[in-house]
Amino acid sequence: MTDSSKRESSGFTFRKQVDQVESSGRHLPIVLNAVLVFSITAEVSYLVLVEAPLEPEQKKTEWSSMWKAMHLFAQYFMLGNITWNASLFVKTNPSIRGVFLGGDALGQGWRYCYNCETHTPPRCSHCYDCNVCVLRRDHHCVFFGQCVGFYNYRYFLTCLLFMWAGLLYAVFMNAEVFIVILKEGVTFHSVLLLLMPWIMLVSGQVTARAFAFAFIADTCVVGFLLVAAFLFFHVILMLRGQTTREWYSTRQPYNLGAVANIRECLGKYWYICWLCPLIPSPLPGDGINFKVTGSLEPMK
């Protein structure tokens, strides 16, 4: 083998290794999210089945079984919606790949993308993480390694909704954990266990069981606050008919009114499709043509 062939072979091997590392990096947030979601689900299931907040004399009654069944149903209904919406969000392609853009009569808002080497419609922009232009691009979601665009916005928003509801439920169910930790008052030990459970575990101050409960309870609270902020922000954007990029530029040229804006994002059956991702709700547009109701120039 010649020196040039060896260099080409080593270069190909290096590029392949780089691609593998990048692929692993894209999937790592998904794996971490899945681990957290299923860990919280397992912990809350344990609280319902074993540490249910019922009086001792109630635990063997018929009401106890009904109480647990209702909690488990609500819990796994939310889990099913989270996982299914997340799966459909990742699988649904929001990009221009496979989409006929036309381009014979380019109107206002069309631009040329030098990376994709094609004209792109209004509200479409190039994502350098996905390396493709995305229709009605909102942002690149680092938690799922996928862009939020025209075709998968519904699944993104409903996944956020059920994550918010599930974390709120988990926070309430973990109230007993906080009560147990703080039963002796707000001490240095209890505060450190709540704020930095890792330090308490490594130093041998708490058992692995106490650490697990404290860590998951903390995760529920922090996760709830973050998801609530994301959900509130995107609901406001949906009601205003904006994407995140348009909000940054203070533009609001596609505002059709609150109900019409919701329909644009969630589809024809917007009032019920959020209950289950399997409910069909066709979108009214095509992600290429949008009704303009205001100026396309940034507001001053």
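Up top is the structure.
Thresholds applied
Residues numbered from 1 in each chain as written. Predicted model: local features only at pLDDT ≥ 70, side-chain atom pairs only at ≥ 80, totals over all residues. Heavy atoms only, no water. Helix = DSSP H or I, 4+ residues; strand = E, 2+ residues; numbered from the N terminus. Buried < 20%, exposed > 50% of the residue type's maximum accessible area, 1.4 Å probe, protein only. Contact = heavy atoms within 4.5 Å. Areas by Shrake-Rupley, 256 points an atom, 1.4 Å probe, with all protein chains shown as cover. Arc of directions from axis to C-beta. Patch = residues over 30% accessible without salt bridge, like charges linked within 9 Å, V, L, I, M, F, W, Y side chains within 5 Å. Salt bridge = Lys/Arg side-chain N within 4 Å of Asp/Glu carboxyl O. Axes fitted to C-alpha atoms, helices over the stretch in contact; angles between N-to-C directions. Left-handed = near helix turned anticlockwise from the far one by under 90°. Nonpolar A, V, L, I, M, F, W, Y, C, P; charged D, E, K, R; others polar. Phe/Tyr/Trp six-rings, centres within 6.5 Å; stacked < 30°, edge-to-face > 60°.

Trainee: Looking at this structure, I do not really get the overall build of the protein chain. What am I missing?
Mentor: A tally of helices and strands in the protein chain yields 9 helices and 6 strands. Relative to its full complement of 300 residues, the protein chain shows a buried share of 37%. Considering only intrachain contacts with a sequence separation of at least 6, the fraction spanning at least 24 residues in the protein chain is 57%. If you sum the accessible surface of the protein chain, you get close to 17,700 Å²; carbon and sulfur atoms cover 65% of it.

Trainee: What's the story with unusual backbone geometry in this structure? I'm lost.
Mentor: Where the residue is not glycine, phi is negative for most of them; where a peptide bond is considered, it is trans in most cases. If you check the backbone angles, Arg123 has positive phi at about 70° while not being a glycine. If you trace the backbone, Arg123 turns up in the loop between strand S2 (118-120) and strand S3 (125-127). A positive phi angle is found at Asn131, which is not glycine, with a value near 60°. With respect to the helices and strands, Asn131 occurs in the loop between S3 and strand S4 (132-134).

Trainee: When you look at helix H9 (residues 258-266) in this model, what are you seeing that I'm missing?
Mentor: For an α-helix, 3.6 residues make a turn, and residues three or four places apart therefore share a direction. Buried within H9 we find Asn261, Ile262, Cys265 and Leu266. Taken around the axis of H9, the buried residues stretch over an arc of 115°, which confines them to a single face. Among the residues trailing H9, Gly267 stands out with phi positive, at a value near 100°.

Trainee: Even after reading the chapter, I still don't get a nonpolar patch on the surface, so can you show me in this structure?
Mentor: On the surface, Phe73, Phe77, Tyr269, Tyr271, Ile272, Trp274 and Leu275 cluster together to form a nonpolar patch covering roughly 680 Å² of accessible area. Counting through the fold element by element, Tyr271 comes out in the segment after H9.

Trainee: Hey, could you run me through the packing of helix H3 (residues 153-173) against helix H7 (residues 208-240) in this one?
Mentor: Each pair of packed helices can be summarised by the angle the axes make with each other and by the distance between the axes. Close contact between H3 and H7 brings their axes to 9 Å; oriented N to C, the two are set at 145°. In the crossing of H3 with H7, the sense of the turn from one axis to the other is left-handed. Taken together, the residues of H7 that come into contact with H3 (itself represented by Tyr153, Phe156, Leu157, Leu160, Leu161, Met163, Trp164, Leu167, Leu168, Ala170 and Val171) are Cys220, Val221, Gly223, Phe224, Val227, Ala228, Phe230, Leu231, His234 and Met238. Counted by class, the contact of H3 with H7 contains 19 nonpolar, 2 polar and no charged residues.

Trainee: Explanation requested: the packing of aromatic side chains in the structure shown.
Mentor: Two numbers describe a pair of aromatic rings. These are the distance of the centres and the angle of the planes. As enumerated under the stated definition, the model contains 17 aromatic pairs in all. The interplanar angle of 85° and the centroid separation of 4.9 Å between the aromatic rings of Phe150 and Tyr151 together place this pair among those described as edge-to-face. What makes Phe150 buried here is its relative accessible area of 3%. Between the aromatic rings of Phe150 and Phe290, the centroid separation amounts to 6.3 Å while the plane-to-plane angle is 80°, which identifies the pairing as edge-to-face. One end of the pair, Phe150, is in the loop between strand S6 (146-148) and H3; the other, Phe290, is in the segment after H9, and 140 residues separate them in sequence. A relative accessible area of 17% places Phe290 in the buried class.

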